[in-house]
Each structure stands twice: as C-alpha cells, then as structure tokens.
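Per-entry structural report
Listed here are the chains, written in short residue letters.
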Amino acid sequence: MSEILLETRGISKDFSSVYVLRDIDIQVVRGEILGIIGENGAGKSTLMKILSGIHTATAGEILFEGTPVQIHGPLDAKRLGISLIPQEFNLISQLTVYDNVFLGSELRLGNGLLDKKTMMARTRELLSELRVDIKPDERIEKLSTAQKQMVEICKAVSINAKLLIMDEPTTVLTQFEIDILFRLMRRLRDQGATIIYISHKLKEVKTICDRVTILRDGSVIATEPVASVTITDMAQRMVGRALNQVFPQKGTPTADVVLEVQDLTIPGVIDHVSFQLHRGEIVGLAGLVGAGRTEVAEAILGVRRAVQGRILVNGKAVEISRPVDAVANAISYLSEDRQGSGILVGFSVIKNISLVSLASYCRYVLRLILRQKERASAEAHARRFNIKAPSLDTRLEFLSGGNQQKVSLAKSIDTRPAVLIADEPTRGVDVSAKQEIYRLISGLAAEGLACLFISSEQEEVIGMCHRVLVMKQGRVMGSLEGGRITEEEIMFLATGIREGVA
Amino acid sequence: MASSGFAKLVKRFDYQKYSSFLALVVLFVVSALLSPYFTRPGNMVNILSQVSYTGMIALGMAFVIITGGIDLSVGSLVAFDSLVGVMAMNYAMGPIHSELLAVITGILAALVLGVVTGWLNGMAITLGKIAPFIVTLGTMAIFRSLALFIGNAGEIQSQSTIYGTFGLVNVLWLPVPVWVMLLLAFILDVVLNRTRYGRYLCAVGSNARVATFSAINVDRVKVIAYTITGALVAISSILLSSRFNAVSTSNTGMGYELDAIAAVIVGGTPFTGGRGTVWGTIVGAIILGIINNMLNLLGVSAYLQGTVKGLVIIGAVYIQRQRA
C-alpha cells in the first residue's frame, strides 16, 4: 500500500540569492508519519512553508496524489487538503474554540447569519473523536498551550486534511502532554491521515515516526525507515560530523558568594525563594512548566516587583526595580523568549551585541559611538561564539535560531556581568549550536561567572550544573548536588513526590 | 524561472535607503521637462524656503515615528507657540527698553513652551500609558483652542521691527529657515546614527520589550523624542512668525501635521517604526514641495493639492508594504 501522497521534485528556494533549499526530492507515503529532521537553518521550516503555500518555491515541482499542483497560497493548500500546524499557533485568542475551528470556512444559515449551533455540535464531535477534553465554547485565551495545539489539530482535521504538517509541535509541551499528542497522532494515522513531523528532538522522531528524512544545509541527506537508524546515527548525519562528548567538563566553583537571594516572594507566583550563587558556579533551576522559574529570574531583574525579600550582590544589598538596575549591578539575563525579549530581529549582529553595553563604546567627547571599537568587539564575539552570518551587518531575521541565540548570549555577556541568568539557553536550538552554547557557558563560568541555569531539559541541567534547585508551585523544593543530580531525583522533587532540603 | 542578472541587481539594490533620493531625481527631471520656469534659481529657492518650516518639524516627527508613535499636535502647536512668542515679545516691549532683549524674550518664551508641551505629550503617553494617537489628537485640539482663545481668534501683529527681519534675510543665496533646517538635519542625523540615544530610539521602536530587557529606559527615550519635536516646532514657529511678523490664530500651522508625517513617510521611514532616516525626511519634504510647486506652475487648482498629497502618502506606504 505504499502509495505516494505527495512528492517534490527539485524544489529550490532562495531569499535574495541566498539558497535555503536546493533540489529537494522527498516522497510522503499515504498513511505514514514522516519525520523531517535537521539543524536550525537546514531548511525544514522553509520546505514546509512551501508545501503549505506560505512561500513559493523558486524552482521545482510538487506532485499531490500523482498530479502536478501549484500551491500559491494557504488557500490552495487547504483546497488540496494540506494543513500546517505552525510553531506559533494561528488561533484568535478572543474567539471561542468552535469559532477558530471554523475560521475561514464558517457554516451559515439560509439567511446568511452564522450557524453557531451546528458549528458547536460539529466541534464537539471532532473533539470527542480526538478524545480531547475541551469545551467547544471556551475562549482560546483560557486554554493551556497543549490544549491550543489540540484545537489546531482539530481545525486541521475539520477540513478533512489528507496531509498534516506539524512544525516542532512538542517544543512547549510537557512530557505528559507529549504522550497525549503522540497517542493522538497514531490514532489519526490509523484512520488514514498522513503526517509530516518536523523536529530536532531525535528521541521523539524515533518514537513516533515511520520514516525519517534528514536535511542538512538545504539538501536532503537521506531518507530511512526509523527502525534502521539509531539516534546517534541521525544526529551525526544531521550535523555532518561525529559528535563527541556533549557536555564540557564541569569546573570547580569558588567559595565567594556573588549573588544571594533571600526570601524572595510574590504572592501566588513565588514563595520565599532563597539561594546563593558562587563565583564560577552553575546552578540549575529545574521544575515543570509553570513552577515559577522564569518568575524568579524576572523578580531578580526587576521586571516583576517582589513584595518581600532581598537581593545581595557581593554581600551588599541592592535595590533592583528595573532591568537597568540589574545591569548596573552586573546581573545579566539571557531570555527564554528570544524574539520576544532577547534580540531585535531588525538590528544587525553588531548592533544587537552592543545594545546593552553601548555606553562602553562611546567617546568621552560628544558621546559619539566608536563604530570601529564596536565592530571589533562584535568580531571577537563572533569568533569566540562561532556565529555564522553572511556579515556582521546582516540583520538577525536572516540568521538561524541557533545563531540568533549565540548573538543573544554574546549580547548578555558583553557587559562583563558577574552573574548570568540563562533562561532556557538552548530552546529551539539544534544539536551543534547547543553544544557550543554549553561550551561557552561553561567557559565563562571557568572565568569566574556565576550562572543561574534555568532549563526544562533535564539532560542539560544534569550535564551542566554544579548544583540544582528544583521548584514546584513557586517554592524551592530541594537542592541537589554532585552525584545526587539525577533525572529521578529532579522528577521526585518537581512533582512533589518527595520533599528535599532547600 | 531563472532570473536574469539585471533582475538580481534590481533585487539586491537597497531601495529602503535610496528610493526617496531616486524619486526626487525622477521628479526633478520630469518637472524640469514639464515647465521651463521650474529650474530657475528663484523657483528652487522658493521651494526650499516653503518646505523648510514643515521640514524641520518633520525631523522631530521622524524620531517620534521611529519609536512607533505619532504626533498630531504639531500644527496646532505652531499656532499656539508662535502666538505666545509674539505676545511675550509685545508685552516685553513695554517694560524692557531694548527691543533686542524683547525679541529674545519672545524667542525664549516660544522655545520654552515648545519644549514643555512636547514633554507633556511624552509624559501623557508614557506615564499615562495612553496611545500617542489619542494623546496628540487631544493636544491638537487643546493647542489650537488655546491659541484661538488667547488671540481672540484673530491675527496678532508683532510690534517689533527687528523680529520681522531674520526670517526673511538670505545668507549665501538661501533664506535663513533653509539653513536652519539643514543644520538641524545635520545634527539630528548624527544623533540618530552616531549616538546611544539614536540607537535606543530604533531599539524602542523595533521591540519595546526587548529594549526594556536590554536595560534601556524606554519611557525616557520616548519622552525625549516628543520633547525634541516640541523644540523643533518652536524653532519653526519662531521663523514662521518672523517671516510674516504676525500670527493668525486660525490659519498658522494648519495641516502641518499632515505635511510633516507625509515628509517622513515619503522619505522612507516605515510607519511601523524601528528605523528611519533624517536626510530621507528632508528629501521627502522637498518631494512634497516640488509636487506642490508643479501643481501651481501647471495651473492646477490649489484645492486639489490636498488630494495629491493624500495620494502620495498612501502610495508611499503602499510601496513600503510591497518591499517588506
């Protein structure tokens, strides 16, 4: 039954003469889950945008059910039965679930008004078919991230999509939610749907996919049945070289306390959080999504106002009510939300790196920016961080996620901070960029930087940190050190099965 | 589907930066062909001097638009500000016996008022967290109404003979207001491209949240932009009232907000903020000036000039949209 649903022949795409895709030939078999993996910038998302009509290919052709088709817009894709579930959801948060499911294909009564009753009933049917427990008349804004994703899937199923494309669907989900999603995907497949699953989480690809296509630098490297490749194999072919030791050697922190947080409290958000950071130490902040980790960071930075608690830098109590104050006290932040609060996508590499530290690049007379000094510093960072960009004047919107993240990190440490709060430093970043970020943070710690390392990926918390604080519902449930830092211990504390000593 | 070499060249050309200059050149050539009178030096100087008043206001407007805001109050402020300046001078003529000192008093009064009102706009927008459009729509009405009230809705003559001179004299073939506009453009271009403040201005306009996290005082950056605009309006007001040696409370500065916004947009600064150009804004102002001038030379009704201006603004934004 290996009937081919969709086939691309020689698809290429360039953006202002930079090729992002070259001669892509892929085949999607009806009723399979095809994984597409590749590093950031390998062209996965671009390829999917072409299939769903958001971009148009520069060259090549697409065959759907054996016939050549032109996909010039999302509407064409919809008509063919191709549905993309993007990384950023396309839901209107003020509207209800059923409004969103039928958005653009509303059912109407004879008099032209909306047939809300039928739409609601159809949505209820669909949701129960998917075995998802969401009320059809709930507003989107009240739903959790995982539920929103279910609504997106429901929307795709409602138009009887023959091909579902999921772009990194698990990035924002917890393990529990991922399991639900996978069960749903299998059920859809068994009902005859075809799914393209884009990810760089290889473990998940191994679990859920039937076949996998590997992209590197805009070209197809291989397509294999998942059963015949190992995860290491996939990783190596994605990166194009052998991967050695992922995490760098842990250094030895000193005894000097750089940052001390005492009794930090925001009612309902964080609850009497206290901890110390030493020079050269990397302290992990682990916990489930919503445990209050980012909130702790924001309270330290003065983005959120703590009602109680003190912050001491080098033993002295400091007043921090805005990020400006945090920077003045040598505390830097690497944001979890790269494009929302980390970098300016419209600014060049140079201008991003110097954004926080700009004062140090100004002449004494007239305070003009010394552009050569600024460029020299950016060059040094680009070399050290291995930032890949056509030029340092390239705007960040043209860089891959991994390179954007490296620029974001360079920007955070260009002020020479004593403390770095790294919030999900490797989110949305591919394997090799991840490794580089680990190496950089570890190197900075060896030079004396104290780092608060917030992460949902337990492997990296375990691999990177000297000490791990585990949070649950705004409280620090316990602190793990050395050999006690294990996945089980973290999970026990994070879920509250066991209470540790803070 | 292969694109030719020329198409690639056209693609790679940095339109954003030079399109307004290009448009100016084209417009100039077309105008010169259409009317022999157009290229006469007298006419050229005339165009420059006409656009200089709104041109300098447009420089401030560019800063405001880069932050993602807008200032609709500039036209009304020109009336209010000129009026207060001239009246302060007239009052000062009594007790102060030096006419020169009285003129300086008037100028200072206008400057202070411009700075303070610009600052107030900025504070209402940042501290009050009210949309710039709403705040300045409100102050647009307030400034005009105050001008009409104080000036009894009439025309106020300056009692000084000195005051009416500096706005008219030529220095090196060009009227003073043109030189002032060029000087201001030079200074603000340096501010925008070579100083921290200029960089922050773009950062705030591209993404205020990123700017906040990057230790930038977003509110202060915005307030300064509106204050600069207020100061530029004051300078424009002084030069304008000097030219006529009088202020008409109902007509002075009428529609200047439109001219200033149009100059900024036509000059190539995107309305969405985040980046912008000072010299482009001057070019934008000159383009609008040439269009008006040509409509006059070709005998098109003055009433239709607004239509053309409106179409040019909409067209400029449409072209920007296509490029984005």
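The structure presented is a predicted model; accordingly, all values stated were derived computationally and were not measured.

**Focus on the overall build of chain A**
From N to C terminus, chain A includes 17 helices and 21 strands. Relative to the globule expectation of 23 Å for 502 residues, the C-alpha radius of gyration of chain A, 24 Å, shows essentially globular dimensions. The principal-axis extent of the C-alpha atoms belonging to chain A is close to 70 × 50 × 50 Å. Classification of the 502 residues of chain A by burial places 45% in the buried group.

**Regarding the overall build of chain B**
Along chain B, the regular secondary structure elements total 13 helices and four strands. In terms of its C-alpha atoms, chain B occupies a principal-axis envelope of roughly 80 × 55 × 35 Å. Expressed as a percentage of the 324 residues in chain B, the buried residues total 48%. Contacts in chain B between residues far apart in sequence, at least 24 positions, make up 79% of those at least 6 positions apart.

**Comments concerning the interface of chain B and chain A**
Across the boundary between the two partners, chain B contributes 20 residues, which contact 25 residues of chain A. Elements that contribute at least two residues to the side of chain B that touches chain A include exactly helix H1 (5-12), helix H8 (196-206) and helix H9 (208-213) of chain B. Tallied by class, residues from the side of chain B that touches chain A come to five nonpolar, seven polar and eight charged.

**A few points about the nonpolar core**
Among the nonpolar cores identified, the biggest contains 168 residues, and Ile300, Ile421, Cys451 and Phe453 of chain A together with Met61 of chain B are the most heavily contacted of them. For Ile300 of chain A, the contacting residues outside a window of four places in its chain are Val261, Ile311, Ala326, Ile331 and Ile421 of chain A. The next biggest cluster of nonpolar side chains, apart from the first, holds 64 residues, and it includes Leu34, Leu47, Ala193 and Leu202 of chain A.

**Remarks on the pairing of strand S21 (residues 475-481) of chain A**
All names here are of chain A. Sheet topology places strand S20 (residues 467-472) next to S21; six bridges connect them, and they run antiparallel. If you follow Val468 over to S21, its bridge partner there is Leu480. Between S20 and S21, which pair antiparallel one after the other, the connecting turn spans two residues, and Gln473 there sits at a positive phi close to 45 degrees.

**Some points on the domain arrangement of chain A**
Residue and element names in this part refer to chain A. When its domains are assigned, chain A resolves into domain 1 (4-239) and domain 2 (257-330 + 417-495). Distance between the C-alpha centres of domain 1 and domain 2: 35 Å. Partitioned by chemical class, the residues of the side of domain 1 that touches domain 2 number three nonpolar, four polar and one charged.

**Some remarks on the packing of helix H11 (residues 256-266) of chain B against helix H12 (residues 278-297) of chain B**
Residues and elements named next belong to chain B. Running from N to C, H11 and H12 cross one another at 115 degrees; their axes reach a closest spacing of 7 Å. Here H11 and H12 pass one another in a crossing that is right-handed. The residues of H12 that touch H11, namely those facing Asp259, Ala262, Ala263, Val264 and Val266, are Thr281, Gly284, Ala285, Ile287 and Leu288. Of the residues that constitute the contact of H11 with H12, the class distribution is seven nonpolar, two polar and one charged.

**Examining the sheet that holds S21 of chain A**
All names here are of chain A. The mixed open sheet is built from six strands, whose spatial order is S17-S18-S19-S14-S20-S21. For this open sheet the edge positions go to strand S17 (331-334) and S21, each flanked by a neighbour on one side alone. Each strand axis lies, on average, 20 degrees off the axis of its neighbour in the sheet, ignoring direction. As paired strands, strand S14 (residues 282-287) and S20 are joined by five bridges and run parallel to one another. Bridging from a neighbouring strand, Val283 pairs with Arg467 of S20. Contacting S17 and strand S18 (419-423), helix H14 (residues 401-413) crosses the sheet at an angle of about 170 degrees to S17.

**With respect to helix H6 (residues 132-150) of chain B**
Residue pairs three or four apart in sequence face the same way in an α-helix, which turns once every 3.6 residues. Residue and element names in this part refer to chain B. For H6, which comprises 19 residues, the first-to-last C-alpha distance of 26 Å matches the rise-based estimate of 27 Å (1.5 Å per residue) to within 8%. Every buried residue of H6 is listed here: Pro132, Val135, Thr136, Thr139, Phe143, Arg144 and Ala147. End-on view of H6: buried residues confined to an arc of 155 degrees, all on one side of the axis. The secondary structure elements touched by the buried residues of H6 are helix H4 (74-93) and helix H5 (99-126). Positioned one or two residues after H6, Asn152 has a phi angle of 50 degrees, which is positive.

**What to know about the sheet that holds strand S10 (residues 211-216) of chain A**
Strand pairing in a sheet relies on backbone hydrogen bonds. The paired strands run either parallel or antiparallel. Residues and elements named next belong to chain A. Spatial strand order, S7-S8-S9-S4-S10-S11: six strands in an open sheet with mixed pairing. Strands at the two margins of the open sheet, each flanked by one partner only, are strand S7 (82-85) and strand S11 (219-225). Averaged over all pairs of adjacent strands, the angle between their axes in this sheet comes to 20 degrees, without regard to strand direction. Pairing geometry for strand S4 (residues 33-37) and S10, over four bridges, is parallel.

**Details of the environment of Ala23 of chain B**
All names here are of chain B. Checked against the element boundaries, Ala23 lands in helix H2 (residues 15-34). Judged by C-beta crowding, with 19 C-beta atoms within 10 Å, Ala23 ranks as partly exposed. Along the primary structure Ala23 and Ile287 are separated by 264 residues, whereas in three dimensions their C-alpha atoms are 7.9 Å apart.

**Looking at the pairing of S11 of chain A**
All names here are of chain A. Pairing analysis gives six bridges linking S10 to S11, with the strands arranged antiparallel. Across the sheet, the residue bridging to Leu215 is Val220, located in S11. Here S10 hands over to S11 after two residues, with Asp217 in that stretch at a positive phi of 50 degrees.

**Observations concerning the environment of Ser400 of chain A**
All names here are of chain A. When you line up the elements, Ser400 lands in the loop between helix H13 (371-385) and H14. Here Ser400 falls in the buried class, since 21 other C-beta atoms lie within 10 Å of it. Note: C-alpha distance between Ser400 and Glu88 (312 residues apart in sequence) is 16 Å.

**Some points on the packing of helix H3 (residues 41-66) of chain B against H12 of chain B**
All names here are of chain B. Interhelical geometry of H3 versus H12 gives an angle of 135 degrees and a closest axis separation of 8 Å. Comparing the axis directions of H3 and H12 gives the class oblique. Between H3 and H12 lies a crossing of right-handed hand. On the side of H3, the interface is formed by Asn43, Ile47, Gln50, Val51, Thr54, Gly55, Ala58, Leu59 and Ala62, while H12 contributes Val278, Thr281, Ile282, Gly284, Ala285, Ile286, Leu288, Gly289, Ile290 and Asn293. Each residue belonging to the contact of H3 with H12 can be placed in one class, and the counts come to 11 nonpolar, eight polar and no charged.

**Some remarks on unusual backbone geometry**
Residues and elements named next belong to chain A. For Asn314, which is not glycine, the phi torsion reads 50 degrees and is therefore positive. If you trace the backbone, Asn314 turns up in the loop between strand S15 (308-313) and strand S16 (316-318). One non-glycine residue, Arg416, adopts positive backbone phi at about 50 degrees. Looking at where Arg416 falls in the secondary structure, it is placed in the loop between H14 and S18.

**Structural notes on the environment of Val345 of chain A**
Residues and elements named next belong to chain A. By secondary structure assignment, the location of Val345 is in the loop between helix H11 (338-342) and helix H12 (349-353). With 18 C-beta atoms packed within 10 Å, Val345 lands in the partly exposed category. For the pair Val345 and Glu397, spaced 52 residues apart in sequence, the C-alpha separation works out to 4.7 Å. With residues up to four places along the chain from it excluded, the contact list for Val345 reads Gln339, Arg395, Leu396 and Glu397.

Rules of the game
- Note that residues are indexed from 1 along each chain, following the sequence as it is written.
- Just so you know, chain letters begin at A and ligand numbers begin at 1, following the order they were written in.
- Restriction of local features to residues with pLDDT of at least 70 applies here, the model being predicted, together with a cutoff of 80 or more for giving and counting side-chain atom pairs; totals for whole chains, interfaces and linings are based on all residues.
- Strands are runs of DSSP state E lasting at least 2 residues, helices are runs of H or I lasting at least 4, and numbering of each runs from the N terminus.
- The reference for a compact globule is 2.2 Å times residues^0.38; the radius of gyration itself is calculated from the C-alpha atoms.
- Field definition: a residue is buried when 20 or more other C-beta atoms are found within 10 Å of its C-beta, exposed when 12 or fewer are, and partly exposed for counts in between, with C-beta atoms placed from the backbone.
- By the convention adopted here, residues make contact when the C-beta atoms placed from their backbones lie within 7 Å.
- Basically, the charged four are Asp, Glu, Lys and Arg, the nonpolar ten are Ala, Val, Leu, Ile, Met, Phe, Trp, Tyr, Cys and Pro, and anything else, Gly included, counts as polar.
- The term nonpolar core refers to a group of buried residues, namely Ala, Val, Leu, Ile, Met, Phe, Trp, Tyr and Cys, whose C-beta atoms join them within 7 Å.
- Strand pairing requires that DSSP identify at least two bridges connecting the strands.
- In this document the domain limits rely on a domain assignment from an automatic tool or a database.
- Throughout, an axis means a line fitted to C-alpha atoms (over the contacting stretch in the case of helices), and angles, computed between N-to-C directions, take values from 0 to 180 degrees.
- Crossing handedness is defined as follows: a turn of the near helix away from the far one that is anticlockwise and smaller than a right angle gives a left-handed crossing, while the clockwise case is right-handed.
- Helix span is expected to be 1.5 Å times the residue number reduced by one.
- Directions are taken from the helix axis to each C-beta atom, and the arc is the one they span.
- Here roughly perpendicular refers to angles of 65 to 115 degrees, roughly parallel to angles under 35, roughly antiparallel to angles over 145, and oblique to all remaining angles.

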